[in-house]
Amino acid sequence: MRAVLMVVTIILGACEAAKERVFDDGTEPCATVWTNSSLVPLGSPVTAICVIRDGCPLVSGQTGHIQWRLGNRSLPDSSVRTENGAEVSEVNIQSFNHSKAFLTCSLQVSTPMVLGGVVIRAGYPPSAPQNLSCQTNLTAPYTLTCQWNNGRQETHLPTQYHLHTWIWDTNERHTYTLPPGVQRYIIPRSDFVLFSEIQIFVRGVNGLGEARSENITLEPVSAAKFDQPNILLLHSMPKRYGCLRLTWALSPHQEWMKAFLLTLEVRTKPADGGEWTHAPILASKARPKKAVDQCRLKHGTKYFAQIRVRYQLSPWSEWSGSRSAVTLESAPTGHIDSWMRVTGDHMGKQLGVHLFWKPSKQFSANGRNVSYIVSRHKVAGVRERLCSTSGSFCSFQLPVRVRKLYLTAVNAAGRSSPSAVWIHRPKGLAGVLNLKATSLGNSSILVSWESKELSTLTGFIVEWRPLLEETNLSKIRFETTGRNATSLIIQGEPYKPYGITVYPQFKLGIGLPQTVNGYSRQKAPSEVPEMRAKKTWQSHVELTWDELPLALQNGIIDGYQVFYRDKNGSVSVVKAGVDERRVVLKDLSSTSSYEAVLMVSTHGGCRNGSTIYFEIEPFGWLTMLIIVSVSIFGVAILLIMGVKACLSNQKRLKVGLWPAVPDPANSSIKKWSSGSMQNIQSFKDTAEPNLIYLSHLSFMDIPMKLGHKDDDDAWLKNAEDTSDLGESICGSPCTPSFSNSDSVPYATVVFSAPATDPSQLPRPPVYLRSESTRPLLESEECVSPRSLQDFHSDGVEGETCFFGPNAGSADEPDTQDLWNDFPLLRALAMNETENDY
C-alpha cells in the first residue's frame, strides 16, 4: 500500500513540476523524469516515471511508443496513460546494481528522441573504522600520529572521514577533516598534553549514513616509542659462573625520561651461531645507567647481548646494537657420544681404529678452547695417551687385547670426567635391510630401513658424509638410535650428494652395514657430457659419452635418452641405463643427415646437451670391391694352408683315419731261426733280461688235478677265454672289427701247475694263438692259419691245434719244435723244477 502511495505521490509531483518547470530561455521542457531517490543503496529497487506535457512539439504528429533505457541497456516497455492532460510512463527496476547510471525516457520513432532523463547513484553507507591506534614521537618535534582502517567494504560513494580528539583535563576538542583515501593523521604538539589523557575516535559520513570507530583513551607519553637504547658496558662477573653484567642508557633525545621507571628487555645468543633467547629477561624497574645482571648462561662462552626499552604499555623500541662478552670458564661437564670403526690387520695382532665423537645434549664445554684426549689403561693407575686433538675424530692402532678406551674433554679450567668407549669388533651378522634415502626439503633427508628380528640387536648407528669431501674424516657425522628405530631425519646441503651408511649394533660387535647415496634436494644436472659418434657402419652408428662428474650431477641420475631426427623432421628416441655410456642407432638411411642430442635426467629435473650432426656413408662400388677382394684373398689363404697341412701330414692322417694293426701271421718273428735266439739269455740266467715289447702276453694256469681227458676239457673251457688279451675278439681273423685297446695280443701262454707226483710226467707248456679280428693294412690278404701252422725243419707242413682240440692229428707235437717256431716265447722258457714263475 505504501509503494502505491509513493508512486501516486511521485506522479502528482511530476505533473505539477512539469507545468511549472521552464528553461532559462523561457521555454518549457518537453518531458520530466522523476525517481523515488537519486541515491539508493546498491541492489535496492528503483521506480521512475516520465511525464510528457501536452502540446510537446517533439511528440506532436509523431506515432511511436515510449522506451526506457538504463545506460546502454533497454528496459521492458511500459504502458502510457494520461493524467491531468499529460502522458505518463512508469518503469520499475527490481535491483539497481550500478554504482552510477543514466536513466532516460525516449520516443521510439525512426530516429529515437530522448525526452528526459535522470542520474541515479548507488552504494553503501560507511562501515565503522577499525584498528585505530596512536603513537607518540619523542624526537623533536614531538607529535602524536594516529592511523586506522576505513573498513573492509567499499562504499562506492563520496565518503568524508573526520578525526576527533578530546583532552579531558582542559576539555579541548579538535576535529580534523581528512582528504579522500587518507587513513593516517599527525596531531601537532600543540593539540595534546604528554601526561594528560586524551580521547580519540574516527567518524565516516556519506549520503547513505555515517559510522564511527571505537574510542581509545591514552596518555600520550605512554604511547611513545623510544629510540634505540645503548649498551654502555658488558662484562663477566667475578666468581659468578654463567653471569654477565651490562650498563645501558637512553638516546640523547629521551635523556630527560631517565627519572621515570622504564621496562627493559635483554636477549642474548652464543657467538658460535646459536639462536637468540626465546624468553628475554625483563627488568620492570630499570633505570638508565643502572647495571643489569644476566645469568643462567653457559660457562666460558662468548655471548652477544641486545636490549630494548618502553614506558608502561608503550610500543617497544627497536633492538639496540650488539655487545659481546665471555662468561667465566669451568671444567667441561657431561657425557661425550662416540662411534668407532674397527678394522684388523692381516697378522691379526693390531686393530685399526677410527674414533668419532660429538657432545651429547648434557655435555657443556664450559670454555672456548676445548681439546679431547683419547687414552687407555696400560698398567694399574697409568693411562697411555693415544691421541690429543681439538677436532672431532682420531685414528690410531691398538693391540688386539684392548677392550676399552677413555675419552676426556679438556679446557683451561680443567678436564671432564672420562667417558668410557668400548671397542666393538666387526661381526659377520646382517641386521639392516632395504636401506633408502628420501629427500624431504632444502636441508633434510629421511633415512629409512628394515631390521631383522634378532635378540642380540641393541641399536643402529647412522653415519653420513659428503661424497665431494669423502677423504675428509672431519666431515663425518653420526647418530645412534635404539633397536626399534627404522628411520632417521638427517641434515644436508641441497644439491650435494651424501653417502649414508647404517650399521647394526649387537651386544658383542658391529654387524654388516648397508650404504646408499642421498640428496636433501635435487635439480637438473649442471652440465651434460659431450656426445660423440664413435663408430659408423652401414645403417648403424654408435654414440658414446663420458660419465658426468659427481659435483655436476645435482641429484641421482635416472638414465639417459638420445633424441635424433633426420632431415625430414622425424624424431626418434633411444634410452640408456644409468650405468651405460653408449647407444647404437639402427636402421638409419644413407641418404639422410641426422642430428642428435643427449638428455640427462635426475629426480629433480633434466637437461639437454649440445647437438651433434652425423651422416651414414653410402655403400659404394669401391667399398664393395674392397670387401669382395679381402674375402677372396682370405678364402684362398685358408685353402692353401689346408692343402699344405694335408700333404705334410699324409702319413699321420692315414694312421689316424685307419690305424696300422700288425698281423701276427705275417710277423717277422716266424722267420727267426732257433740259432738266432741262442744268444738271448733266459730269465733264469740273468736278473735283468732284455725286454722286447712286441705285444702283450697273457697267462693262464691249468690245474694239475685233471687227467689227460680232463686236460682236454680244460683246454676247451678256456679256449675262448681271451679276456686278458686286451680286447681281442674271437672269430675269423679277417673280420673287419676294431678294438679300443692300443695293444695287439700276440699269444697266450698257458702254464701248468708244477708236478707234485714224481711218477707223473710233466706236461709241456702250451700257448694259444690269438684270434685277433683286427683288419690288415690296405689290401693284405688274410694268411693267418686256422689254428697254427707248424713248419718243421724238414719242410713238412704239419698242423697242430692249440686253440682247441685238433681232430686231424693224434700225435702230440714235440716241445722243442714248438719253442723253435716261436723264438720270442722261447725266451720265457722255464725249468719244470722252478716255481718262481
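Not measured: the values here are computed from a predicted model.

Caption draft 1: Region of interest: the overall build of the protein chain. Of regular secondary structure, the protein chain possesses six helices and 54 strands. Residue burial in the protein chain is summarised as follows: out of 837 residues, 38% are buried. Of the contacts made within the protein chain by residues no fewer than 6 positions apart, 64% connect residues no fewer than 24 positions apart. Counting only carbon and sulfur atoms, one obtains 52% of the accessible surface of the protein chain, whose full area is about 48400 Å².

Caption draft 2: Highlighting the pairing of strand β39 (residues 487–491). Because side chains alternate across β39, one face comprises the buried residues L488 and I490, and the other comprises S487, I489 and Q491, none of which is buried. Bridge count for strand β36 (residues 444–451) against β39 is five bridges, and the pairing is antiparallel. Bridging from a neighbouring strand, S448 pairs with S487 of β39.

Caption draft 3: Spotlight on the packing of aromatic side chains. A full pass over the atoms with the stated rule returns 12 aromatic pairs. Among the aromatic residues, ring-to-ring pairing joins F195, F260 and Y311 into one connected group. For the cation-ring pair, R212 lies above F201, with the distance from its terminal atom to the ring centre recorded as 3.7 Å. Cation over ring: R267 sits above W276, and NZ or CZ is 4.5 Å from the ring centre.

Caption draft 4: Broad picture of the pairing of strand β41 (residues 509–512). Inspection of the sheet shows strand β34 (residues 425–430) paired to β41 by three bridges, in the parallel sense. Paired with A430 across the strands is L512, a residue of β41. Where strand β40 (residues 498–506) lies against β41, two bridges are found, and the strand directions are antiparallel. Bridge pairing in β41 places Q505 opposite I510. Following β40, the chain reverses through two residues before pairing antiparallel with β41.

Caption draft 5: Structural detail: the environment of T263. Its location among the elements puts T263 in strand β21 (residues 262–270). Relative accessible area serves as the criterion here: at 15%, T263 is assigned to the buried category. Once the C-alpha coordinates of T263 and Q312 are considered, the two residues, 49 residues apart in sequence, prove to be 7.0 Å apart.

Caption draft 6: Highlighting the sheet that holds strand β30 (residues 393–399). The strand order across the open sheet built from three strands is β26-β27-β30, with neighbouring strands paired in antiparallel fashion. One side of each edge strand has no neighbouring strand; the edge strands of this open sheet are β26 (336–344) and β30. Averaged over all pairs of adjacent strands, the angle between strand axes in this sheet comes to 25 degrees, irrespective of strand direction.

Caption draft 7: Region of the structure containing the nonpolar core. Among the nonpolar cores identified, the biggest contains 42 residues, and I200, F226, L246, W248 and L264 are the most heavily contacted of them. Ranked by residues supplied to this core, first place goes to strand β24 (residues 302–310) with four residues. Residues V33, V40, V46 and C56 belong to the second largest nonpolar core, which totals 25 residues.

Caption draft 8: Examining the state of the cysteines more closely. Applying the stated criterion across every chain yields a total of four disulfides. Put simply, C387 and C394 are joined by a disulfide, and their sulfur atoms are 1.8 Å apart. Here the disulfide of C387 and C394 is right-handed, its torsion about the S-S bond being about 120 degrees. For the pair C387 and C394, a shared accessibility class is recorded, and that class is buried.

Caption draft 9: Quick peek at the environment of T32. On the secondary structure map, T32 appears in strand β1 (residues 31–35). Considered as a pair, T32 and I49 are 17 residues apart in the sequence and their alpha carbons are 8.2 Å apart.

Caption draft 10: Quick peek at the sheet that holds β36. An order of β35-β36-β39 is seen for the three strands of this open sheet, with the pairing classed as antiparallel. Every interior strand has two partners, whereas the edge strands, β35 (432–439) and β39, have only one. Taking the axes of each pair of neighbouring strands and ignoring which way they run, one obtains an average angle of 20 degrees across the sheet.

Caption draft 11: Main features of a nonpolar patch on the surface. The grouping of F633, I637 and M641 at the surface amounts to a nonpolar patch, some 320 Å² of accessible area in total. Within the secondary structure, F633 sits in helix α2 (residues 621–648).

Caption draft 12: Representation of the environment of G482 in the model. Along the chain, the position of G482 falls in strand β38 (residues 477–482). Exposure remark for G482: the relative accessible area of 39% places this residue in the partly exposed category. Along the backbone, G482 and F460 are 22 residues apart, and their C-alpha atoms lie at a distance of 6.4 Å. Sequence-distant contacts of G482, that is, excluding residues within four places in its chain, are made with T458, G459 and F460.

Caption draft 13: Representation of the pattern of salt bridges within the structure. By the definition in use, this model includes 13 salt bridges. A salt bridge links K225 to E318, with the shortest nitrogen-to-oxygen separation between them at 2.8 Å. With K225 in strand β18 (residues 224–225) and E318 in the loop between β24 and β25 (323–326), this pair connects stretches of sequence that are 93 residues apart. When the shortest N-O distance is used, the salt bridge between R341 and E463 registers 3.4 Å. Placement of R341 in strand β26 and of E463 in strand β37 (residues 457–466) is noted, with a sequence separation of 122 residues between them. On the accessibility criterion, R341 (26% relative accessible area) is partly exposed. You can call E463 buried: its relative accessible area is 1%. Here the residues in one salt-bridge network are R240, R245 and D293, joined through shared partners.

Caption draft 14: Layout of unusual backbone geometry. Phi at N131 takes a positive value of approximately 55 degrees, unusual for a residue other than glycine. Its place among the elements puts N131 in strand β10 (residues 130–137). Of the residues examined, N131 reaches a relative accessible area of 62% and is grouped as exposed. Even without glycine at this site, H156 takes up a positive phi of about 65 degrees. By the secondary structure assignment, H156 is in the loop between β11 (143–149) and β12 (160–167). Accessibility expressed as a relative area gives 38% for H156, which makes it partly exposed.

Caption draft 15: Structural detail: the confidence of the model for the protein chain. A residue-level look at the protein chain finds 71% of positions with pLDDT of 70 or above and a mean pLDDT of 77. Counted against residues more than four places away or in other chains, residues 1–26, with its pLDDT under 50, gives 33 contacts.

Caption draft 16: View of the side chain of T247. Along the polypeptide, T247 turns up in strand β20 (residues 240–249). T247 gets classed as buried once you look at its relative accessible area, which sits at 18%. Excluding residues that lie within four positions of it along the chain, T247 makes contacts with N230, I231, L232, L233, K289 and A291.

Caption draft 17: Inspection of the side chain of S320 at higher detail. Note on placement: S320 falls in the loop between β24 and β25. According to the relative accessible area criterion, S320 is buried, its value standing at 4%. Setting aside residues up to four positions removed in sequence, S320 forms contacts with P229, I231, Q306 and I307.

Reading the values: rules and limits
- Residues numbered from 1 in each chain as written.
- Predicted model: local features only at pLDDT ≥ 70, side-chain atom pairs only at ≥ 80, totals over all residues.
- Heavy atoms only, no water.
- Helix = DSSP H or I, 4+ residues; strand = E, 2+ residues; numbered from the N terminus.
- Buried < 20%, exposed > 50% of the residue type's maximum accessible area, 1.4 Å probe, protein only.
- Contact = heavy atoms within 4.5 Å.
- Areas by Shrake-Rupley, 256 points an atom, 1.4 Å probe, with all protein chains shown as cover.
- Pairing = 2+ DSSP bridges.
- Phe/Tyr/Trp six-rings, centres within 6.5 Å; stacked < 30°, edge-to-face > 60°.
- Lys NZ or Arg CZ within 6 Å of the ring centre and 35° of its normal.
- Axes fitted to C-alpha atoms, helices over the stretch in contact; angles between N-to-C directions.
- Core = buried A, V, L, I, M, F, W, Y, C linked by side-chain atoms within 4.5 Å.
- Disulfide = S-S within 2.5 Å.
- Patch = residues over 30% accessible without salt bridge, like charges linked within 9 Å, V, L, I, M, F, W, Y side chains within 5 Å.
- Salt bridge = Lys/Arg side-chain N within 4 Å of Asp/Glu carboxyl O.
- pLDDT = per-residue confidence, 0-100.

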